[in-house]
Amino acid sequence: MISGKTAVYGLIGNPVRHTVSPEIHAVFAGALGDDLVYAAFPVANDRVKEAILGAHALGIMGLNVTIPHKPACAEFVSELDPMAEKIAAVNTLKYAEAGYAGYNTDWIGITECLRSNGVSLSGKSVAVLGAGGSANAACVAAAEGGASKITIFNRTVEKAEYLALRLKKYYNAQIEAAPLAEARGSEIVYQATDAGRGENRALCPVSSTEFFRGVEFAFEGIYTPWETEFLKLAAKAGVKAVNGFEMLVRQAAASYAIWTGRPVPEEVISDAYERVGAMVRERDRR
Ligand code: NAP
């Protein structure tokens, strides 16, 4: 039951109507016995600063940040975690007296998703499709995990080149950029474009099973639809591939741990994956 002592957390983004983060955090809080609520707040693109200052004044203890506010939020924090600085995006704000501290847990969600699927990045070649925020987090996860080569393929090749250049400031891995039309699979592939999501659900960023030659594991950020054209093509090529839902639950667990100082146990993460995942699939069928 909500009381005067209930801590408030939430999500800011634009739009936030379709988010399932409140349901995921409700599973975590219920299992861990924490007195908190988590709500979704739509914030107009030109009101991010006001929203953050207002939330801080209200004593909101933590916020997740989603599209399109992740890069902007980095400007309005009192402290920026070094990983959020490398990714140039904040998806988690934690209350402190002086203002919010900014973190990025997207790269942790990606790393943990790979670990739970038994995939090691060490010494591997990685292909990333896309050059936006999620691609950036995946490149950082790959470099932190010891990948030897990262190739970023993007429709707008200049963005891939810019991202490769930025990442080379931090990492020694071989990092290259190329047009999406020339995409070839590597040992590990992360699909971080919007092709296949929502109104783009009929699209696929790669055109044939040939792309998957030599691929050990493929994964992507999208989870609505639950199975995209990209995942269907991977299955046809006989490659193990997973959608973005596990990554979402695991980045949420990492945010929860930052806020409460306690890790979310593996069985609670699995429970959230099963229960909220069933809801997402049901919603997708309608
Ligand atoms: P973003 O910064 O807006 O980047 C979008 C990327 O998609 C860009 O590289 C863009 O290429 C590319 N793109 C868009 N439409 C395309 C099309 N029709 N064909 C080919 N490429 C296209 O977005 P983001 O934050 O990186 O998110 C990317 C995806 O990951 C989204 O589907 C998002 O929902 C998902 N995601 C999932 C999680 C999770 O936890 N599961 C977390 C973050 C993001 P251009 O540069 O050429 O425009």
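Residues numbered from 1 in each chain as written. Predicted model: local features only at pLDDT ≥ 70, side-chain atom pairs only at ≥ 80, totals over all residues. Heavy atoms only, no water.

Peer 1: Would you explain the overall build of the chain in this entry?
Peer 2: Summing up its helical and strand segments, the chain has 10 helices and 12 strands in all. Scaling as 2.2 N^0.38, a compact globule of 286 residues should have a C-alpha radius of gyration of about 19 Å, and the chain matches this with 19 Å. Along the three orthogonal principal directions, the C-alpha set of the chain runs to about 60 × 40 × 35 Å. Put simply, the chain has 286 residues, and 51% of those count as buried. Considering only contacts in the chain between residues 6 or more positions apart, those separated by 24 or more positions represent 72%. In the form shown here, the chain has an accessible surface area of approximately 13,500 Å², with 52% of it arising from carbon and sulfur atoms. Treating the 29 positive side-chain charges of the chain as one cloud and the 32 negative ones as another, the clouds have centres 2 Å apart. (Helix = DSSP H or I, 4+ residues; strand = E, 2+ residues; numbered from the N terminus. Rg over C-alpha atoms; globule rule 2.2 N^0.38 Å. Buried < 20%, exposed > 50% of the residue type's maximum accessible area, 1.4 Å probe, protein only. Contact = heavy atoms within 4.5 Å. Areas by Shrake-Rupley, 256 points an atom, 1.4 Å probe, with all protein chains shown as cover. Lys, Arg positive; Asp, Glu negative; His and termini not counted. Charge placed at Lys NZ, Arg CZ, Asp CG, Glu CD.)

Peer 1: It is not clear to me how the nonpolar core should be interpreted in this structure. Could you clarify?
Peer 2: In summary, soluble globular proteins display a tendency toward joint burial of nonpolar side chains. Grouped together as the largest cluster of nonpolar side chains are 37 residues, with contacts concentrated most on Ile110, Ile150, Ile152, Leu167, Tyr190 and Phe219. In terms of residue count, helix α6 (residues 133–144) provides more of this core than any other element does, eight residues in total. In contact with Ile150, other than residues within four places in its own chain, are Val126, Val128, Cys139, Ala142, Ala143, Gln174, Ile175 and Glu176. (Core = buried A, V, L, I, M, F, W, Y, C linked by side-chain atoms within 4.5 Å.)

Peer 1: Would you explain unusual backbone geometry in this entry?
Peer 2: For residues other than glycine, phi is negative in most cases, and the peptide bonds are mostly trans. A cis amide bond, omega 5 degrees, links Asn14 with the succeeding residue Pro15. Between Ile67 and Pro68 the backbone carries a cis peptide bond, its omega angle lying at 5 degrees. Positionally, Pro68 belongs in the loop between β3 (62–65) and α3 (70–73).

Peer 1: Can you walk me through the side chain of Ser125 in this structure?
Peer 2: Considering the arrangement of structural elements, one finds Ser125 in strand β7 (residues 125–129). Judged by relative accessible area, which is 18%, Ser125 ranks as buried. Excluding residues within four positions of it along the chain, Ser125 makes contact with Ser148, Lys149, Ser186, Glu187 and Ile188.

Peer 1: Which parts of the structure should I look at to understand the state of the cysteines?
Peer 2: Enumeration over the complete set of coordinates arrives at zero disulfides. Unpaired in this structure, Cys139 has its nearest cysteine sulfur neighbour in Cys113, at a distance of 16 Å. Cys139 sits in the buried class, given a relative accessible area of 0%. With no disulfide of its own, Cys204 lies 19 Å from the sulfur of Cys113, the closest cysteine sulfur. (Disulfide = S-S within 2.5 Å.)

Peer 1: I keep staring at the pattern of salt bridges and nothing clicks. Help me out?
Peer 2: Side-chain pairing between opposite charges can occur once the charged atoms of the two side chains come close. Summed over all chains, the structure comprises 17 salt bridges. What you see here is one network of salt bridges that share partners, running through Glu112, Arg115, Glu246, Arg250 and Glu266. (Salt bridge = Lys/Arg side-chain N within 4 Å of Asp/Glu carboxyl O.)

Peer 1: Any chance you could explain the environment of Val43 here in plain terms?
Peer 2: When you line up the elements, Val43 lands in the loop between β2 (36–42) and α2 (48–57). Beyond its immediate stretch of four places on either side in the chain, Val43 contacts Ile12, Gly13, Asn14, Val48, Ala51 and His69.

Peer 1: Explanation requested: the side chain of Glu220 in the structure shown.
Peer 2: Mapped onto the elements of the fold, Glu220 is located in strand β11 (residues 217–220). Despite its burial, Glu220 pairs with no opposite charge, the nearest such side chain being Arg197 at 9.2 Å. A distance of 2.4 Å separates polar atoms of two side chains, one belonging to Glu220 and the other to Thr228. With residues up to four places along the chain from it excluded, the contact list for Glu220 reads Tyr190, Gln191, Thr228, Phe230, Leu231, Val242, Asn243, Gly244 and Met247. (Polar contact = N/O pair within 3.5 Å; in protein donor to acceptor, adjacent residues only side chain to side chain.)

Peer 1: What is the right way to look at the packing of helix α1 (residues 21–32) against helix α9 (residues 245–260) in this model?
Peer 2: The description of two packed helices rests on the angle between their axes and on the distance between the axes. Close contact between α1 and α9 brings their axes to 10 Å; oriented N to C, the two are set at 50 degrees. Considering the angle they form, α1 stands oblique to α9. In this structure, α1 crosses over α9, and the sense of that crossing is right-handed. In this structure, α1 contributes Ile24, His25, Phe28, Ala29 and Leu32 to the contact, and α9 contributes Phe245, Leu248, Val249, Ala252, Ala253, Tyr256 and Trp259. Across the contact of α1 with α9, the residue classes break down as 11 nonpolar, one polar and no charged. (Axes fitted to C-alpha atoms, helices over the stretch in contact; angles between N-to-C directions. Parallel < 35°, antiparallel > 145°, perpendicular 65-115°, else oblique. Left-handed = near helix turned anticlockwise from the far one by under 90°. Nonpolar A, V, L, I, M, F, W, Y, C, P; charged D, E, K, R; others polar.)

Peer 1: Please clarify how the sheet that holds strand β6 (residues 99–103) should be interpreted in this entry.
Peer 2: The six strands are arranged β2-β1-β3-β5-β6-β4 in an open sheet whose pairing can be described as mixed. Across the chains shown, the open sheet's two edge strands, defined by having one partner strand only, are β2 and β4 (79–80). Sitting on the sheet, α1 touches β2 and β3, and the angle it makes with β2 is about 170 degrees. Contacting β1 (7–13), β3, β5 (92–96) and β6, α2 crosses the sheet at an angle of about 120 degrees to β6. (Pairing = 2+ DSSP bridges.)

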